Amino acid sequence: MFERLEMAPPDAILGLTEAFRKDPRPEKINLGVGVYKDENNQTPVLQCVKEAERILLEKEDTKNYMSIGGDPAFGKAVETIVFGADLAASGRIRSVHTPGGTGALRVAADFLRRCFGAKTIWMSDPTWANHPAVFEAAGHTTREYPYYDPDTCDIRWNSFLDALKNIPAEDIVLLHGCCHNPSGMDLSENQWREVAQVARDRGWLPLIDFAYQGLADGLEEDAVGVRIMAEAVPEALVCSSFSKNFGLYRERCGALSMIAADADAAARTFSQVEKAIRANYSNPPAHGGLIVTTVLNTPELRALWEQEVKAMRDRINSMRRLFVQTLAAKGVDRDFSFITRQKGMFSFSGLNKQHVQRLREEYAIYIVGSGRINVAGMTPDNMDRLCEAIAAVLKTS
């Protein structure tokens, strides 16, 4: 059978990283990769993670399977950091440990298909490139709602809200909790309240992708929208990732949290999610979840983690400011100030496909074709060359 297969096209983002690795030019810059980079252009292991691993190594006495939903202590720790202590103690929320944030999305997709049949999943235009693939692979239909306006570099608020008001009951609406990927434009607290009211009135199910908690404005500040939604509606799903804010990329550690009307409904929902997991990967890998649980439940490590997340957030925001300032210093007359209003690792740069292609071919600067840039890939050392190249491309385009 296999001789009839054709070569699949490379993933748009992961394929770009592979091309970057093969590029022999020493001055190359990668702004396409979706991981955090420090000022030395490295993806570090957080000190709190190293300390947690030391503790776990000393205490570990088994390699037995985890339960289907993972360690209950992990679920409680996640619920507290995501929803706050009061809501976490309400009994309305149950959480499972998943293989990364992508795994959480796929478990949500499988659970919805298993229990409610194929649904329509509404997602922002634009959204993370892998969102449609995850839900379509589970048998759902995907559609878009308007979100980002490239002309104004802002949210298409009126169109966005009008679209949400016309989504049928029991459809699924995928929202970004913070650090919208790829635009970097987030809803304000008041806008979240309006969206939550629409969700309650219309009866569609919110599914929030919460992959970057702590990298926008702060751990508590970034959770405001998620908590507003969880308090406003009787049911919702939240997919968390600990790849970015813990640096646990290769450990594949995420969580799916189910918010229900009461504890009994939450327990029944949890049991059905377990069935979806059992038919997929049976139970989660232990290491990443044990790290997160150890850090969040150890006061000294929790304080260290918060410091390290703040350092990442501050570095990203400083690179946004330096990028805008350096472009202006290079004589670029286009207004790039919107970059400083965006949040998280990613931004839509406003560069088109021709700009992106020239930057790659002539200057060894790698950017996703949509113009999305990873701000964390910028450093004080590569900023001058990066902005000089962008200035040259814009001048001659």
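Every value quoted in this text rests on a predicted model; they were computed, and no experiment measured them.

Helix and strand content of the protein: 15 helices and 13 strands. Its C-alpha radius of gyration of 21 Å places the protein within 12% of the 21 Å reference for a compact globule of 397 residues. Dimensions of the protein along its principal axes, counting C-alpha atoms only, are 65 × 55 × 55 Å. Within the protein, buried positions represent 54% of all 397 residues. If you take every contact in the protein between residues at least 6 apart in sequence, the share linking residues at least 24 apart comes to 75%.

Let's shift gears to unusual backbone geometry. Along the chain, aspartate 125 connects to proline 126 via a cis peptide bond; the corresponding omega equals 5°. By the element assignment, proline 126 lies in the loop between β3 (120-125) and α6 (131-137). The phi angle at glutamate 170 is positive, at roughly 75°, despite the residue not being glycine. Secondary-structure assignment places glutamate 170 in the loop between α7 (157-164) and β7 (172-176). Classification of glutamate 170 by relative accessible area gives exposed; the value is 54%.

A separate point is the nonpolar core. Formed by 102 residues in total, the largest nonpolar core has its most connected members in Val195, Trp305 and Phe323. Examining the composition of this core, we find that nine residues originate from one element, helix α13 (residues 299-329), more than from any other. Residues within four places of tryptophan 305 in sequence aside, it is in contact with Leu46, Cys48, Ile81, Leu219, Asn245, Phe246, Val295 and Leu296. Residues Met123, Val134, Ala138 and Leu205 belong to the second largest nonpolar core, which totals 25 residues.

A word on the pattern of salt bridges. The tally for this structure, following the rule as stated, stands at 17 salt bridges. Across the pair glutamate 170 and lysine 119 runs a salt bridge whose closest N-O atoms are separated by 3.9 Å. Residue glutamate 170 is located in the loop between α7 and β7, and its partner lysine 119 is located in the loop between α5 (100-116) and β3; the two are separated by 51 residues in the primary sequence. By relative accessible area, which is 15% here, lysine 119 ends up buried. One network of salt bridges, with partners in common, ties together Glu51, Arg54 and Glu58.

All right, on to the packing of helix α3 (residues 72-83) against helix α10 (residues 224-232) then. Two numbers describe how α3 lies on α10: the axes approach to 8 Å, and their chain directions differ by 100°. What the angle tells us is that α3 and α10 run roughly perpendicular. Residues Thr80, Ile81, Val82 and Phe83 of α3 lie in contact with α10, whose contacting residues are Val226, Arg227 and Ala230. Of the residues contributing to the contact of α3 with α10, the split by class is five nonpolar, one polar and one charged.

Let's shift gears to α7. Residues separated by three or four positions in an α-helix point in the same direction, a consequence of the helix having 3.6 residues per turn. When we look at burial in α7, the residues that qualify are Trp157, Phe160, Leu161, Ala163 and Leu164. Taken around the axis of α7, the buried residues stretch over an arc of 160°, which confines them to a single face. Structurally, α7 contributes buried residues whose contacts are with β4 (141-146), β6 (154-155), β7 and α8 (189-202).

Position of aspartate 23 relative to the elements: it lies in the loop between α1 (14-22) and β1 (29-30). When residues no more than four places from it in sequence are discounted, the contact partners of aspartate 23 are Lys28, Ala364 and Tyr366.

As a further point, take the environment of glycine 84. Along the chain, glycine 84 falls in the loop between α3 and α4 (85-88). As a C-alpha pair, glycine 84 and alanine 223 span 139 residues in sequence and 8.6 Å in three-dimensional space. Excluding its chain neighbours within four sequence positions, the residues that come into contact with glycine 84 are Glu79 and Arg227.

In total, this model carries twelve aromatic pairs according to the counting rule given. Here the guanidinium or amino end of lysine 28 rests over the ring plane of phenylalanine 20, the centre of that ring lying 4.6 Å away.

All right, on to the sheet that holds strand β10 (residues 253-259) then. Two pairing modes exist for strands in a sheet, parallel and antiparallel, and in both the strands are linked by backbone hydrogen bonds. Spatially, β2-β10-β9-β8-β7-β3-β4 is the arrangement adopted by the seven strands of the open sheet, whose pairing is mixed. Every interior strand has two partners, whereas the edge strands, β2 (93-99) and β4, have only one. Across this sheet, the average inter-strand angle for adjacent strands is 25°, counted without regard to direction. Two elements, β3 and β4, share six bridges in a ladder whose sense is parallel. Within the sheet, the bridge partner assigned to isoleucine 121 lies in β4 and is threonine 142. In this fold helix α11 (residues 263-278) packs onto β2 and β10, with an angle of close to 15° to the strand it touches most, β2.

Bringing α11 into the picture now. The end-to-end C-alpha distance of α11 is 22 Å, a good match for the 22 Å that 16 residues give at a rise of 1.5 Å each. Taken residue by residue, α11 has Ala265, Ala266, Thr269, Phe270, Val273, Ala276 and Ile277 as its buried positions. Buried residues of α11, viewed axially, fall in a sector of 135°; they line one side. If you follow the buried residues of α11, they end up packed against β2, α5 and β10. Of the residues flanking the start of α11, the one acting as N-cap is aspartate 262, its side-chain oxygen 3.2 Å from the backbone nitrogen of aspartate 264.

Geometry of a packed helix pair, given as the angle between the helix axes and the separation of the axes. Running from N to C, helix α2 (residues 47-59) and helix α12 (residues 287-296) cross one another at 105°; their axes reach a closest spacing of 9 Å. For the element pair α2 / α12, the angle class is roughly perpendicular. Between α2 and α12, the residues in contact are Cys48, Val49, Ala52, Glu53, Ile55 and Leu56 and His287, Leu290, Ile291, Thr294 and Val295, respectively. Residue composition of the contact of α2 with α12, grouped by class: eight nonpolar, two polar and one charged.

About the criteria used
- Residues numbered from 1 in each chain as written.
- Predicted model: local features only at pLDDT ≥ 70, side-chain atom pairs only at ≥ 80, totals over all residues.
- Heavy atoms only, no water.
- Helix = DSSP H or I, 4+ residues; strand = E, 2+ residues; numbered from the N terminus.
- Rg over C-alpha atoms; globule rule 2.2 N^0.38 Å.
- Buried < 20%, exposed > 50% of the residue type's maximum accessible area, 1.4 Å probe, protein only.
- Contact = heavy atoms within 4.5 Å.
- Core = buried A, V, L, I, M, F, W, Y, C linked by side-chain atoms within 4.5 Å.
- Salt bridge = Lys/Arg side-chain N within 4 Å of Asp/Glu carboxyl O.
- Axes fitted to C-alpha atoms, helices over the stretch in contact; angles between N-to-C directions.
- Parallel < 35°, antiparallel > 145°, perpendicular 65-115°, else oblique.
- Nonpolar A, V, L, I, M, F, W, Y, C, P; charged D, E, K, R; others polar.
- Arc of directions from axis to C-beta.
- Phe/Tyr/Trp six-rings, centres within 6.5 Å; stacked < 30°, edge-to-face > 60°.
- Lys NZ or Arg CZ within 6 Å of the ring centre and 35° of its normal.
- Pairing = 2+ DSSP bridges.
- Expected span 1.5 Å × (residues − 1).
- Polar contact = N/O pair within 3.5 Å; in protein donor to acceptor, adjacent residues only side chain to side chain.

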